[in-house]
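Results of the structural survey
If you want the building blocks of each chain, they are given just below.
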Amino acid sequence: MLAAVGIVIRVRFSGTPMAAPSPSASFSDSLIPGDASRFVGDITFPDGAKVKVKVNQRFDEVWALANVGKVAWHKRFLAPTNPTGEGGCLVPERVATGDTPPGEQVMITVPVVAPSRPGKCMVSWKMVDEHGQPYFPSRRPVYLLVSVIA
């Protein structure tokens with residue numbers, strides 16, 4: 001387990017590049033009415049990118065998430081949904097998302113240590129409260145997938 005803490009950066013939207021879906025067309029499984037999130041993008045390791053890290057190498061994964069709902073995010077975290085098994089990447093138990101008002105996005109940095117053996121490493125993450133309860137239980141998690149080389 002890592003003792004490091006993730007880094008959170010908040011950014012105010014300019015214009016309306018990420019408008020929330022219309023209520024009639026959207027599906028919400030949030031714990032709180034009016035709560036909504038949107039995956040903005042992979043910042044460090046885009047999906048499908050051929051990224052390779054060395055065994056035991058420390059690196060950061062960064063995602064951008066947007067609060068597109070009507071509820072401010074307070075005391076929220078990203079937590080891994082798949083436990084790190086033998087030979088997997090080492091990640092913190094959770095990383096704070098930071099307080100995020102509606103209409104803002106966060107850049108969440110997760111410190112990762114590659115496994116000690118070559119292979120693939122995949123870690124999935126979901127937004128949870130301080131007790132580990134997921135905010136959007138049916139939504140697809142954000143994830144990190146890297147190829148580890150010797």
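Residues numbered from 1 in each chain as written. Predicted model: local features only at pLDDT ≥ 70, side-chain atom pairs only at ≥ 80, totals over all residues. Heavy atoms only, no water.

In the nomenclature of an unreviewed UniProt entry, the protein chain corresponds to NBR1-Ig-like domain-containing protein from the organism Actinoplanes sandaracinus.

On to the overall build of the protein chain, then. From N to C terminus, the protein chain includes zero helices and nine strands. Going residue by residue from the N terminus, the α and β elements of the protein chain occur as β-β-β-β-β-β-β-β-β. With 150 residues in all, the protein chain has 39% of them scored as buried. Counting only contacts in the protein chain whose residues sit at least 6 apart along the sequence, the fraction spanning at least 24 positions is 74%. About 8,300 Å² of surface is accessible on the protein chain, with carbon and sulfur atoms providing 57% of the total. (Helix = DSSP H or I, 4+ residues; strand = E, 2+ residues; numbered from the N terminus. Buried < 20%, exposed > 50% of the residue type's maximum accessible area, 1.4 Å probe, protein only. Contact = heavy atoms within 4.5 Å. Areas by Shrake-Rupley, 256 points an atom, 1.4 Å probe, with all protein chains shown as cover.)

Counted according to the given criterion, the structure contains two aromatic pairs. Its guanidinium or amino end placed over the ring of tyrosine 135, arginine 76 lies 3.7 Å from that ring's centre, counting from NZ or CZ. Just above the ring of phenylalanine 77 sits the side chain of arginine 94; from NZ or CZ to the centre is 3.8 Å. (Phe/Tyr/Trp six-rings, centres within 6.5 Å; stacked < 30°, edge-to-face > 60°. Lys NZ or Arg CZ within 6 Å of the ring centre and 35° of its normal.)

Strand order in the open sheet formed by five strands is S3-S9-S8-S5-S6, and the pairing between neighbours is mixed. Edge strands, defined here as strands with exactly one partner in the open sheet, are strand S3 (52–54) and strand S6 (95–96). As judged from the four bridges shared by strand S5 (residues 77–80) and strand S8 (residues 119–128), these two strands associate in the antiparallel manner. In the strand pairing of S8, proline 80 is matched with tryptophan 125. (Pairing = 2+ DSSP bridges.)

Moving on to the state of the cysteines. Applying the stated criterion across every chain yields a total of one disulfide. Note on cysteine connectivity: cysteine 89 is disulfide-linked to cysteine 121, with sulfurs 1.8 Å apart. Taken together, the residues cysteine 89 in the loop between S5 and S6 and cysteine 121 in strand S8 connect sequence positions 32 residues apart. The two residues cysteine 89 and cysteine 121 agree in class, both being buried. (Disulfide = S-S within 2.5 Å.)

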